[in-house]
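# Descriptive structure summary
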Amino acid sequence: MSVDVLQSRGDEMSVTVCGQDENVERCQDGLVKLKNAEVEQMSKDILYHLGFDTNSDDLEKLFGDVKFVCTGGTDFRMREFAYYIEKELADLLDRGTTVIDYSKRSHRYGMYKVGPVLSVSHGIGVPSLSILLVEIIKLLYHAKAKNPVIFRIGSSGGIDVEPGTVVITNGAVDELMRPFFEIPICGKLVRRPSEFDQNLAIELKALALPEDNFQTKVGKTMCATDFYEGQGRRDGAFCCFTEAERIGYLDKLKNHGVLNIEMECVCFGALTHFAGIKSGIVCVALLNRYNGDQISVPKDVLQEFEKRPQALVLRYIRKCLQEKNQNSS
Ligand code: R2B
Ligand code: URA
């Protein structure tokens, strides 16, 4: 793989870029490829945080049929999502398909399988998400899953959008508005472009219904490493900026096409893109950040808001399963 040195930062830090389009190959046969030959040589691969390994578990038998990996912050929500799929897609799933709970094995992440859908929690923020994604990508590889799509279904803070608006991400930026995921690896900063499948974003938007009692928008999402000051909040334990600076920052994001702020998108777009796996993010905005920092929506409203991205992704899965059934009949 070619890794080119982009620029020097200060005196000691160089930045390498890896994961650009030329490094990304989508497999003709739809199988997930790893960008790491080491794993192929290993006699046993332990997916430590998921609680599986390639010697004790027949991953192909357990997960070979996975087509949709749906991830979201909390175990509770992803458990609910699995049961929602079981109920709402019963007409399309094989007779007798029920939710299988794999959460006890992992201890860390909630994990539920219902037919071709894997519903997994990723916790808060990039470190928790990246561990989950790396092991999910390896799981899909070992399982020989074909053409999987990975979603993040979550919550966010809106930028000049009505609370309850659903935002489909078509691009991710970090707090400095940079469209890549940057991490130090072996003492060097490595950048991986964060990219989203534009057709998937369009397809998802087309599934918004006129009768939905909320808006669905497509735009950029900003990824923060912090919920409070990092997202321009003045209600944390610390605050080193003024209200005018808070609004100035929101204006800057808005002018850049950013519709919402959450804490995982840059990493999500970078790792799925590098792995050659189609992916999308659908988040509900819990508040309009121009109106404040505190999330003060009542619990029942919050719960209804959180179902909105789930409903959109469910429609997408329904459409894919219907198309598959039509093609095979
Ligand atoms: C949205 O909400 C969480 C923080 O409350 C975080 O995981 C995110 O991206
Ligand atoms: N999640 C975030 O990261 N920010 C918000 O404002 C709301 C949810």
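Please refer to the structure higher up on the page.
### Some remarks on the overall build of the protein
- A count of helices and strands for the protein gives nine helices and 15 strands.
- The C-alpha radius of gyration of the protein comes to 20 Å, within 12% of the 20 Å expected for a compact globule of 329 residues.
- Principal-axis analysis of the C-alpha atoms places the extent of the protein at approximately 60 × 55 × 35 Å.
- Each of the 329 residues in the protein was classed as buried or not, and the buried ones make up 52%.
- When contacts within the protein are restricted to residue pairs at least 6 apart in sequence, those whose partners lie at least 24 apart make up 76%.
- Summing over all exposed atoms, the protein offers an accessible surface of approximately 15900 Å²; the carbon and sulfur share of this is 51%.
- The average position of the 40 basic charges and that of the 46 acidic charges among the side chains of the protein differ by 3 Å.

### Quick look at a nonpolar patch on the surface
- Judged by side-chain polarity, Phe227, Tyr228 and Ile295 come together as a nonpolar surface patch covering roughly 250 Å² of accessible area.
- Note on placement: Ile295 falls in the loop between strand S15 (278-288) and helix H9 (299-328).
- Relative accessible area serves as the criterion here: at 38%, Ile295 is assigned to the partly exposed category.

### Considerations on the side chain of Glu135
- Among the structural elements, Glu135 can be located in helix H5 (residues 126-143).
- Here Glu135 occupies a buried position and makes no salt bridge, while the nearest side chain of opposite charge, Lys138, is found at 6.4 Å.
- Of the polar contacts made by the side chain of Glu135, one reaches the backbone nitrogen of Leu50; its length is 3.1 Å.
- Those residues in contact with Glu135 that lie beyond four places of it in its chain are Leu47, Tyr48, His49 and Leu50.

### Digging into the site of ligand 1
- Inspection of the region around ligand 1 gives Ile124, Arg152, Ser155, Phe227, Glu262, Met263 and Glu264 as its neighbouring residues.
- Between ligand 1 and Arg152, the relevant distance is 3.3 Å, taken from an oxygen atom to a side-chain nitrogen or oxygen of the residue.
- The contact in question runs from an oxygen atom of ligand 1 to an N or O atom on the side chain of Ser155, over 3.4 Å.
- Its free accessible area being 260 Å², ligand 1 has 80% of it covered by the protein chains.
- Class assignment of the residues belonging to the shell around ligand 1 gives a composition of three nonpolar, one polar and three charged.

### Some words on the packing of aromatic side chains
- Scanning the model with the defined rule gives seven aromatic pairs in all.
- Here the aromatic rings of Phe81 and Tyr84 are separated by 6.3 Å at their centres, their planes lie at 55 degrees, and the arrangement is tilted. On the criterion of helical spacing, the pair formed by Phe81 and Tyr84 is a turn pair, its members being three residues apart in helix H3 (residues 75-88).
- Aromatic pair Phe227 and Tyr228: ring centres 5.0 Å apart, planes at 75 degrees, arrangement edge-to-face.

Reading the values: rules and limits
Residues numbered from 1 in each chain as written. Chains lettered and ligands numbered in written order. Predicted model: local features only at pLDDT ≥ 70, side-chain atom pairs only at ≥ 80, totals over all residues. Heavy atoms only, no water. Helix = DSSP H or I, 4+ residues; strand = E, 2+ residues; numbered from the N terminus. Rg over C-alpha atoms; globule rule 2.2 N^0.38 Å. Buried < 20%, exposed > 50% of the residue type's maximum accessible area, 1.4 Å probe, protein only. Contact = heavy atoms within 4.5 Å. Areas by Shrake-Rupley, 256 points an atom, 1.4 Å probe, with all protein chains shown as cover. Lys, Arg positive; Asp, Glu negative; His and termini not counted. Charge placed at Lys NZ, Arg CZ, Asp CG, Glu CD. Patch = residues over 30% accessible without salt bridge, like charges linked within 9 Å, V, L, I, M, F, W, Y side chains within 5 Å. Salt bridge = Lys/Arg side-chain N within 4 Å of Asp/Glu carboxyl O. Polar contact = N/O pair within 3.5 Å; in protein donor to acceptor, adjacent residues only side chain to side chain. Near = heavy atom within 4 Å. Nonpolar A, V, L, I, M, F, W, Y, C, P; charged D, E, K, R; others polar. Phe/Tyr/Trp six-rings, centres within 6.5 Å; stacked < 30°, edge-to-face > 60°.

Coordinates in, geometry out; function isn't part of it.
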